[in-house]
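Now for the letters of each chain:
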Amino acid sequence: MQIPFDSLGAPDQGVDVCVIGTGAAGLPIAARLADKGYRILLCEGGDSEYSIRSQALYRGEIEGDAYVPLDTARLRYLGGSTNHWGGVTRPLDPYDFIAKPASPQTAWPIGRSDLEPYHAAAADILNVHAIGPDTEVPGSGLKRIHFSTGESVLMRNKYASTLRDSPRLAFCSAANLIGLETREGKVTRALFRHYDGRERQVQARHFVLACGGIENSRLLLWCNRQTQGRLVKQADALGRYWMDHPHATIGQALILDPTPLGLDLAYDVFLSPTLDTLATHNILNCGLRMHRMGPEPLQAMIDELGALAPSLRRRIESMTRSGNPPQGSILRAAWEQEPRRENRIELGDEIDSLGMPRSRLIWRHSPLDIRTIRHSVQRLGDYLRKHDVGRLKLADWLTQAPISLPTRGELVGRHHMGGTRMSHSTEHGVVDRDCRVFGQENLFIAGSSVFPSCGHANPTLTIVQLAIRLADHLDAQLTRHAAV
Amino acid sequence: MKRRLTRRTLLKVAGLAGIGSLLSGISITLAPPRTVVADDVVTSHEGSQPTTVEGWMLNTRDL
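In this report, the structure presented in the accompanying data block is examined. Given the structure is predicted, the values throughout are model-derived calculations rather than measurements.

Residues and elements named next belong to chain A. Tracing the backbone through its elements, the reader meets E49 in the loop between β2 (40-43) and α2 (52-55). Sequence-wise, E49 and L78 are 29 residues apart; in three dimensions their C-alpha atoms are separated by 6.5 Å. Residues in contact with E49, not counting those within four places in the same chain, are Y77 and R156. Separated by 3.1 Å, the side chains of E49 and R156 make a polar contact.

Further remarks concern the packing of aromatic side chains. All names here are of chain A. Tallied over the entire structure, the rule returns six aromatic pairs over all chains. Consider the rings of F97 and W108, whose centres lie 4.8 Å apart with planes at 55°: the pair is tilted. Taken together, the positions of F97 in the loop between β3 (60-64) and α3 (112-115) and W108 in the loop between β3 and α3 put the pair eleven residues apart, joining distant regions of the chain. Each member of the pair, F97 as well as W108, is classed as buried. A centroid spacing of 5.3 Å and a plane angle of 45° characterise the contact between W108 and F451, whose relative ring orientation is tilted. You can see W108 sitting in the loop between β3 and α3 and its partner F451 sitting in the loop between β21 (443-445) and α12 (460-483), a full 343 residues away along the chain. Joined through ring pairs, the aromatic side chains of Y67, W242 and W363 make up one cluster. Cation over ring: R74 sits above Y58, and NZ or CZ is 3.7 Å from the ring centre. Above the plane of the ring of F147 lies R289, whose end atom (NZ or CZ) is 5.2 Å from the centre.

We now examine the sheet that holds strand β7 (residues 176-183) of chain A. Residues and elements named next belong to chain A. The strand order across the open sheet built from three strands is β7-β8-β9, with neighbouring strands paired in antiparallel fashion. Each edge of the open sheet is held by one strand with a lone partner, namely β7 and β9 (199-202). Recorded for the sheet is a direction-independent mean angle of 25° between the axes of neighbouring strands. As judged from the four bridges shared by strand β8 (residues 186-193) and β9, these two strands associate in the antiparallel manner. In the strand pairing of β9, A190 is matched with V202.

Another point: the pattern of salt bridges. Residue and element names in this part refer to chain A. Scanning the model with the defined rule gives 37 salt bridges over all chains in all. As a salt-bridge pair, D475 and K36 come within 3.6 Å of each other at their nearest N and O atoms. Of this pair, D475 sits in helix α12 while K36 sits in the loop between α1 (26-35) and β2, placing them 439 residues apart in sequence. Residue D475 is classed as buried on the basis of its relative accessible area, which comes to 17%. For K36, a relative accessible area of 38% puts it in the partly exposed group. A salt bridge links R433 to D114; the shortest N-O distance between them is 3.7 Å. Here R433 is found in the loop between β20 (417-419) and β21, whereas its partner D114 is found in helix α3, with 319 residues between them in sequence. Exposure remark for R433: the relative accessible area of 35% places this residue in the partly exposed category.

Residues and elements named next belong to chain A. What helix α4 (residues 119-126) keeps buried is the set A122, A123, I125 and L126. Taken end-on, α4 shows its buried residues confined to a sector of 160°, consistent with a single buried face. Residues A120 and D124 are exposed on α4 and point more than 90 degrees away from its buried face.

Conventions we followed
- Residues numbered from 1 in each chain as written.
- Chains lettered and ligands numbered in written order.
- Predicted model: local features only at pLDDT ≥ 70, side-chain atom pairs only at ≥ 80, totals over all residues.
- Heavy atoms only, no water.
- Helix = DSSP H or I, 4+ residues; strand = E, 2+ residues; numbered from the N terminus.
- Contact = heavy atoms within 4.5 Å.
- Polar contact = N/O pair within 3.5 Å; in protein donor to acceptor, adjacent residues only side chain to side chain.
- Phe/Tyr/Trp six-rings, centres within 6.5 Å; stacked < 30°, edge-to-face > 60°.
- Buried < 20%, exposed > 50% of the residue type's maximum accessible area, 1.4 Å probe, protein only.
- Lys NZ or Arg CZ within 6 Å of the ring centre and 35° of its normal.
- Pairing = 2+ DSSP bridges.
- Axes fitted to C-alpha atoms, helices over the stretch in contact; angles between N-to-C directions.
- Salt bridge = Lys/Arg side-chain N within 4 Å of Asp/Glu carboxyl O.
- Arc of directions from axis to C-beta.

None of this, on its own, says anything about what the molecule does.
Encoded structure:
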């Protein structure tokens, strides 16, 4: 049920878990715990629909390499950024959880086996279709992979009836978190402010911050400053190791034989380096995306290639005459960014309408980020050529030395990850393997901000897996306390 | 004889250029393509060397 702002913190409210944020992480946690019988308060800073007053709070500063404006990369209202989610996702690879040879910082304190028990429930929430198994492409160092590309789920629609009817889930919009009070390693109160200046305090047994991959860092940084560092006592890693998936058009390909890669049956084929390839070439993970090209650009490509390679042109003409013309592919890629301390969220100088510092993103590509895409494309080009499957043309930016990533176009996936990363220690992380903030007994973080590293896969499925895992952990905690 | 030597030389250059471009990532444009037109349609790429021409990752026998 939806409650008015003024009823927040009412003496009879008795909240078991206060969940702050209603996106891909917050809503599933709130709904799952309410289903289990707990009293849940779900607070959303935005409104139930898009509003300028809320979205404007997402403006921020950017320092470093080209990035998309922070207020266009995410949405601030009920459902969060699932309101513009494209519906493409897949689980992280098992080796995304380990320390990769190219960067030991990629290790998670948990493995994929810790998330697999939550896959079915997460897939059900997101309407994720069955995702086919990965299959190695012989002689390529690549494997063919699959994504779920079904209709995207809007969380606010998915949970509309729960929000409306659940007697145990109280939902409040326009409730902007502005502070967290802590005493003796426990959060005692959360402070919320309405756009008109009204404020309310909420007490709960547990608090879950689920405000997205930038806001989780900003809010913790701000609340920590307010408490003179008593909220996150070892805050060395807070806001740091921030990542996105670089995205770019990497070239095009003429496909002479579509069958080895499955291009005879599919319009879109996805490939990724094998673990051996990652180790051999000292690179991180990468998703290569081949999209069937239309007839006009295909002909233009053939004309260009034919002028450069007349022998190949004769082959193409012969294939076309025999009714077996080549195909064309547009090549794109999304790849893993190295987790580095230098890439971070900070509190900016400008103050927003709620009186809080805006976000400042400091974000740059590393040499490893560039090597990862360069070698991944090289593997594909070598395979096409050596096995006579096709010929690849590198995008212009990949032919320069040194390589600089494009400053226009896709740039990134708008997948905000890291900043409150999961770790064994406060030196490299903010939360433990249960997503609990180090040093706080009852404060948890949900969402992609806890990712220690990011693989190349679109993160929504992993976010929801982690959210359900956290809900079950809180269930166990609350049950244990009730028994005591 | 003259044609054969020209083609062989160009193929050698193309092979070296391919290796060089693999290492440096630099696109290398070869001599005008018509000087290396093959007499027949190549169906086997055994023994062909990698080369990069205007960003295209090719076999020398494509030329």
